[in-house]
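Close look at the chain arrangement
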Amino acid sequence: MHIKERSKFDVNQYIVENELRSLDDSELTQKLDDSKTEISRCRTKRKEYNVNLREHLDARNIINSRVAEIIEQVNDTKRKREEIQSKINLLKERRGKLDAKIKETKKSNVSIDGLKMRQNETHREILLAVEEQSIAHETILEVSGKVQQLQKSGSQKQELVVEARRIANEWHTKYVHHKNLIHACKVVIRERKDDEKKQN
């Protein structure tokens, strides 16, 4: 039995080589040929699933980018809605002061037409701001629904990414196994040739 010195002793490789040493030449050659065929298939499958993985990653990343853009739009709309609410609060405050002034002025029998006009104008501004705020709120709800749909789609793509990565890794593991098996077969064949030369 041949034990080759290795700088890094690989127990698994040694075990495989020992198992191969029990095969006759034709069985060893068949094992080598089978592994060469299989390694080619594993390489092809691994590449196929890595391409598949890349496609799913790209699709997921596009969805995630779109989600980020839409979330930024929602945040902008929320800021706008908050600004409108501040404006509404100021207008209501102004209208309240006008209401108080009108009551005060009525008691003194002074004309309140100018105040009434300002009060009506403020009220119209409030109604317009409330309508604008309502539109912003509806937009937020609508866009939030789109975000949820896109996030669901992104999650589905992520599941496909994980599955494709898992399968690609399985093919890679098989590839490495056959690569090591080929190496072990070649080591055993070389040992046999060396033994044959020594015997002659």
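Just so it is clear, the model here is predicted, and its values are computed rather than measured.

Taken as a whole and judged by the stated rule, the model has zero aromatic pairs. The residue whose ring lies beneath lysine 174 is tryptophan 171, and the NZ or CZ to ring-centre distance is 4.4 Å.

A word on the nonpolar core. Note on soluble globular proteins: their nonpolar side chains tend to be buried together. With 13 residues, the main nonpolar core has Leu20, Leu28 and Cys185 as its most contacted residues. Ranked by residue count, the leading element in this core is helix α3 (residues 113–199), at eight residues. Formed by seven residues, the second largest nonpolar core is a distinct cluster that contains Val67, Ile70, Ile140 and Val147.

Glancing now at the pattern of salt bridges. If you walk through the whole model with that rule in mind, you get 15 salt bridges. Here glutamate 191 and arginine 21 are joined by a salt bridge, their closest N and O atoms 2.8 Å apart. In this pair, glutamate 191 is assigned in helix α3 and arginine 21 in helix α1 (residues 11–21), connecting sequence segments 170 residues apart. Residue classification places glutamate 191 among the buried residues on the basis of a relative accessible area of 9%. Between arginine 192 and aspartate 25 there is a salt bridge, and its shortest N-O distance comes to 2.7 Å.

Parameters at a glance
- In this numbering scheme, every chain counts its residues from 1 along its sequence in written order.
- The model is predicted, so local features are restricted to residues of pLDDT at least 70 and side-chain atom pairs to those at 80 or more, both for listing and for counting; the totals for chains, interfaces and linings are taken over all residues.
- Note: side-chain values were computed over all heavy atoms of the structure, leaving out hydrogens and water.
- We call Phe, Tyr and Trp rings a pair once their centres come within 6.5 Å, taking the six-membered ring for Trp, and we label the pair stacked below 30 degrees between planes, edge-to-face above 60, and tilted otherwise.
- Lysine and arginine charges are scored as sitting over a ring when NZ or CZ, respectively, is within 6 Å of the ring centre and within 35 degrees of the ring normal.
- Buried Ala, Val, Leu, Ile, Met, Phe, Trp, Tyr and Cys residues that are joined via side-chain atoms within 4.5 Å together make up what is termed a nonpolar core.
- The buried label goes to any residue with under 20% of its type's maximum accessible area, the exposed label to any with over 50%, and the partly exposed label to all in between, with areas taken from a 1.4 Å probe on protein chains only.
- Helix and strand assignments follow DSSP, with helices taken as H or I runs no shorter than four residues and strands as E runs no shorter than two, numbered in order from the N terminus.
- One speaks of a salt bridge when a side-chain nitrogen belonging to Lys or Arg is within 4 Å of a carboxyl oxygen belonging to Asp or Glu.

All quantities given are derived from atomic positions and should not be read as evidence of function.
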